[in-house]
Amino acid sequence: MKKIYYIVFAILVSGLLDACIHDDTSLADPDFSQLSIISQYDTLSVNLSEEFVYKVDVVQSGEERPLTYEWGYATYNTKDESDYPAKDSLKIISNKAELRYTFRKLGTYYLRLKVDNGEAISFKGFMLNVTTPYDEGITVLSQDDAGNPRISFMKTLTRQEIESGVKKEFVTDVLTKENPDYTIKNCTDLAQFGPYLLLASREDGLIYKLNAKTFGVMYKNRVRDIIPDFTCKELMGSGATNWMLSENGSAYRYELTFDEVLVIDNAVGYGYDACFFGYSSSYQYFIDYDKSIIYSPTGNKATSSSNYFEDYNIIGMVPWTITKLYTIAVLKEDPSQGRVFQTSGSLSKLTELIKFDGTDLKLDKNSTIMFSKTYKNAYYDYGNNIYRWNCTGQFPKTPFITFPDTKEITAVAMDPDKTLIYVCYVDSERSGLKGGIDIYDANDGKLIESYGGIADRPLRVFYKTK
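Asks: What's the story with the overall build of the protein chain in this structure? I'm lost.
Replies: Broken down by element type, the protein chain carries three helices and 38 strands. Projected onto the principal axes, the alpha-carbon positions of the protein chain cover approximately 95 × 60 × 45 Å. Here the protein chain holds 466 residues, and the buried ones make up 47% of them. For the protein chain, the proportion of contacts with a sequence separation of at least 24, taken over those separated by at least 6, is 48%. Accessible surface, the protein chain: about 22,900 Å² in total, of which carbon and sulfur atoms supply 48%. Measuring between centres, the 51 positive side-chain charges of the protein chain sit 2 Å from its 63 negative side-chain charges.

Next comes the structure, spelled out in C-alpha cells:
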C-alpha cells in the first residue's frame, strides 16, 4: 500500500514541474545562484525550410557558473483548455546557446528553452509560427499582352520582422516560381476560399486549385468536360461558399474538398451578367441587366426581385446590413431620374429609399462598388477616379481620390477591416512592369503607400488571409 502512495506523490511532483515550462520559471534556492532568461519576443516566426536562428540573453545573480542549454519544441496546444502549452512531448533539437534549426512543417509550435548552471534552472517558452513567405498579405493577379498571368504578393510583416529591419516589398513572380512545371495562360480571376485559391483560365475552361499558403497548384480541373460552354469570368464567395460566374450566363459551385463542379438547377440558365457579394457569405447576388432582375440562388430555389425593377436599369448594389440591401437604378425612359431601393437580404420588402439626380452620374454597371462596415460609406471607381458615397443622399460629383491621366485604374478592393482602399493601375509612362498599386486611407483619402512596377495589367487585387 505504501508503494502506491509513493508513486502518486512522484506523479504529482512531476506534474507540478512540467506545468512550469510555459512560464519564465527559475528553480533555485534563494541563497544560491539565480538565472533570468531575457528575450525581446514571446512570439517568433520563421519561413518554412529556412534556417531559424535565435539567441537570448541569460543573466546570473551571484557566482558566474557554466551554463548548459536545451532547446525543445512540440505542437502548440490550441484546443485543450488546460494551461499546458505543448500538445505532445518535446523534441530536443539543440544544446547550443544559439538555436539553429530548420523546420520542415507548417504550423504553430511551443518552443522551450531550458538553461541550467548546476545550481539553478530557468525556463522560457515561446509561441513559434512556421509559415511561408506567402503567409498573408496583398495579392495581385495581372496579365501581359500575350496572356501570361502573373501573381504578385507582398507579405504582411510581423513585429519581429519589422524591428529586425525587414522591408515590405512585392514578390512579382510567385505563380511561375512555385509552379515551374505548369504553363498557365489567359487567366480571368483569382480568389481565396479558406485554405485554397481558385485561379480561372479561358484555356479549356480550366480552374486551378492552389494551396493558399504556398501558391502551389494542387489540382487542375477541366470544367468543359462537364459543361462544354463554360468559361469563368468571375469568382465570388468566401470560405466554403463559392460561386463561379460563367460567360454562358449561369453560375456554378466548386466543391473544394473533392474538386467537383456542382451544377445547381436554381443557378443555371438565368442569363447572369454580373455578381455582387452580400454583407455576409450567406448571400450572393446575380444580375440580369437586360431583364433588370436580381437573383440570389440560395436554398432550393433562385430567389429573385421579380418585376420590382422592370422600369429601371440596374447600376449596382450595396449591402448596407445583412437585412438591408440597397439597389441603385435609373429610369429606362429618363436616366436623369435615379432611385435607391431598399430590400431585405432575401430580396423582399421593397421600399424606395432615395431619389437622386442621375444627370452626369459618376457611376455605371462597370464600376466596382465596395462598402465599408467601419465607415458606412460606399466606394467605387468611375473613369480614372474613386468616389465615396454616404449611402444616404445624392451621389458625389467630386472624386474622393483622383488619379493622373497617365495611370489607368484597372482593379480596386478594400482590406479585411474595410479601412483601406487598394487601387491597382497601369502606368503608361513606365517601362517594363507597368502595373502598380496605391493604398489609401478610406476615412480621409490620403495616400499611405505606393508600389509601382510590381505587375502587368492588374485584373484582381485582394488581401490573402492565413
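Right, picking up where we left off after that structure.
Asks: Hey, could you run me through the sheet that holds strand S26 (residues 312-319) in this one?
Replies: To summarise the sheet geometry, strands pair through backbone hydrogen bonds and adopt either a parallel or an antiparallel arrangement. Ordered by their spatial adjacency, four strands build an open sheet running S26-S27-S28-S29, and the pairing between neighbours is antiparallel. Across the chains shown, the open sheet's two edge strands, defined by having one partner strand only, are S26 and strand S29 (351-357). Direction aside, the axes of adjacent strands within the sheet are offset by 25° on average. Bridge analysis of strand S28 (residues 337-343) against S29 gives six bridges, and the strand direction is antiparallel. When the sheet's bridge partners are listed, Gln342 is paired in S29 with Thr351.

Asks: What exactly am I supposed to notice about the side chain of Asn385 here?
Replies: On the secondary structure map, Asn385 appears in strand S32 (residues 385-389). The buried category is assigned to Asn385, whose relative accessible area is 15%. Those residues in contact with Asn385 that sit more than four places away from it in its chain are Tyr380, Pro399, Ile401, Thr402, Phe403 and Ile409.

Asks: Hey, could you run me through the sheet that holds strand S35 (residues 420-427) in this one?
Replies: Sheet architecture is open: four strands sit in the order S34-S35-S36-S37, paired in antiparallel fashion. A single partner strand is all that each edge strand has here, and the edge strands are strand S34 (407-414) and strand S37 (447-455). Strand-to-strand, the axes of this sheet are offset by a mean angle of 20°, without reference to chain direction. Here S34 pairs with S35 via seven bridges, running antiparallel. If you follow Glu408 over to S35, its bridge partner there is Val426.

Asks: Even after reading the chapter, I still don't get the nonpolar core, so can you show me in this structure?
Replies: Across soluble globular proteins, nonpolar side chains have a tendency to be buried as a group. If you look at the biggest cluster of nonpolar residues, it comprises 34 residues, and the most contacted ones within it are Val318, Ile328, Trp389 and Phe395. Tallying contributions element by element places strand S27 (residues 325-331) first for this core, with six residues. Excluding residues that lie within four positions of it along the chain, Ile328 makes contacts with Asn313, Ile314, Ile315, Gly316, Val318, Arg339, Val340, Phe356, Leu363, Ile369, Trp389 and Phe395. The next biggest cluster of nonpolar side chains, apart from the first, holds 23 residues, and it includes Val56, Phe103, Tyr109 and Ala120.

Asks: How do you make sense of the state of the cysteines when you look at a structure like this?
Replies: By definition, a disulfide links two cysteine residues through a covalent bond between their sulfur atoms. Taken as a whole, this structure holds zero disulfides when the rule is applied. Left without a disulfide partner, Cys232 is nearest to the cysteine sulfur of Cys275, which lies 8.7 Å away. By relative accessible area, which is 0% here, Cys232 ends up buried. Left unpaired, Cys424 is separated from the closest cysteine sulfur, that of Cys187, by 16 Å.

Asks: Help me understand the confidence of the model for the protein chain, please; the structure alone is not making it clear to me.
Replies: Should the pLDDT be low somewhere, the predicted coordinates at that spot are not to be read in detail. Confidence in the prediction for the protein chain averages 89 pLDDT; 91% of positions are at 70 or higher. Below a pLDDT of 50 lies the segment residues 1-23, which in the model reaches 15 contacts outside its immediate sequence neighbourhood of four places, other chains included.

Asks: I'm lost on the pattern of salt bridges in this one. Help?
Replies: Close approach of charged atoms allows side chains of opposite charge to pair. Tallied over the full model, the rule gives 21 salt bridges. For Arg159, the salt bridge is made with Glu163, and the minimal N-O distance between the two is 3.0 Å. Of this pair, Arg159 and Glu163 both sit in helix H2 (residues 159-163), four residues apart, which is roughly one turn of that helix. Accessibility expressed as a relative area gives 41% for Glu163, which makes it partly exposed. Across the pair Lys209 and Asp259 runs a salt bridge, and its minimum N-O distance is 3.3 Å. Of the two residues, Lys209 sits in strand S16 (residues 206-211) while Asp259 sits in the loop between strand S20 (251-255) and strand S21 (260-262), which places them 50 residues apart along the sequence.

Asks: Which parts of the structure should I look at to understand the packing of aromatic side chains?
Replies: Counted by the stated rule, this structure contains 33 aromatic pairs. Plain terms: the ring middles of Tyr134 and Phe215 are 5.4 Å apart, the flat faces sit at 85° to each other, and that makes the pair edge-to-face. A residue pair is termed long-range when its members are at least 10 positions apart, and Tyr134 in the loop between strand S10 (121-131) and strand S11 (137-143) and Phe215 in the loop between S16 and strand S17 (217-222) qualify at 81 residues. Residue classification places Phe215 among the buried positions, given a relative accessible area of 0%. On the basis of an interplanar angle of 5° and a centroid distance of 6.2 Å, the ring pair of Tyr283 and Tyr285 is categorised as stacked. Taken together through their ring pairs, the aromatic side chains of Phe52, Tyr54, Trp71, Tyr73, Tyr101, Phe103, Tyr109 and Phe126 make up a single cluster. One cation-aromatic arrangement involves Arg253 over Trp243; the distance from NZ or CZ to the ring centre is 5.4 Å. Sitting over the face of the ring of Tyr425, Lys407 holds its NZ or CZ atom 4.5 Å from the ring centroid.

Asks: Quick question: what am I supposed to make of the side chain of Ser201 here?
Replies: For Ser201, the position within the fold is in strand S15 (residues 196-201). Residue classification places Ser201 among the buried residues on the basis of a relative accessible area of 1%. Within the structure, the side chain of Ser201 is placed 3.0 Å from the backbone nitrogen of Glu203, a separation counted as a polar contact. The residues touching Ser201, leaving out its near neighbours within four places in the chain, are Lys185, Asn186, Cys187, Thr188, Leu206 and Tyr208.

Asks: Would you mind going over the pairing of strand S31 (residues 377-382) with me for this structure?
Replies: A regular strand places its side chains on the two faces of the sheet in alternate fashion. Of all the six residues making up S31, five are buried; the element is thus mostly covered by neighbouring parts of the structure. In this sheet, S31 lies alongside strand S30 (residues 369-372) in antiparallel orientation, the contact comprising four bridges. Within the sheet, the bridge partner assigned to Met370 lies in S31 and is Tyr379. The turn joining S30 and S31, which pair antiparallel and follow one another in sequence, is formed by four residues; a positive phi near 55° is taken by Lys376. The pairing of S31 with S32 spans five bridges and is classified as antiparallel. Its bridge partner being in S32, Asp381 is matched across the sheet by Ile386. Hairpin connection, S31 to S32: the antiparallel pair is bridged by two residues, and Gly383 has positive phi, about 60°.

Definitions and cut-offs
- Residues numbered from 1 in each chain as written.
- Predicted model: local features only at pLDDT ≥ 70, side-chain atom pairs only at ≥ 80, totals over all residues.
- Heavy atoms only, no water.
- Helix = DSSP H or I, 4+ residues; strand = E, 2+ residues; numbered from the N terminus.
- Buried < 20%, exposed > 50% of the residue type's maximum accessible area, 1.4 Å probe, protein only.
- Contact = heavy atoms within 4.5 Å.
- Areas by Shrake-Rupley, 256 points an atom, 1.4 Å probe, with all protein chains shown as cover.
- Lys, Arg positive; Asp, Glu negative; His and termini not counted.
- Charge placed at Lys NZ, Arg CZ, Asp CG, Glu CD.
- Pairing = 2+ DSSP bridges.
- Axes fitted to C-alpha atoms, helices over the stretch in contact; angles between N-to-C directions.
- Core = buried A, V, L, I, M, F, W, Y, C linked by side-chain atoms within 4.5 Å.
- Disulfide = S-S within 2.5 Å.
- pLDDT = per-residue confidence, 0-100.
- Salt bridge = Lys/Arg side-chain N within 4 Å of Asp/Glu carboxyl O.
- Phe/Tyr/Trp six-rings, centres within 6.5 Å; stacked < 30°, edge-to-face > 60°.
- Lys NZ or Arg CZ within 6 Å of the ring centre and 35° of its normal.
- Polar contact = N/O pair within 3.5 Å; in protein donor to acceptor, adjacent residues only side chain to side chain.

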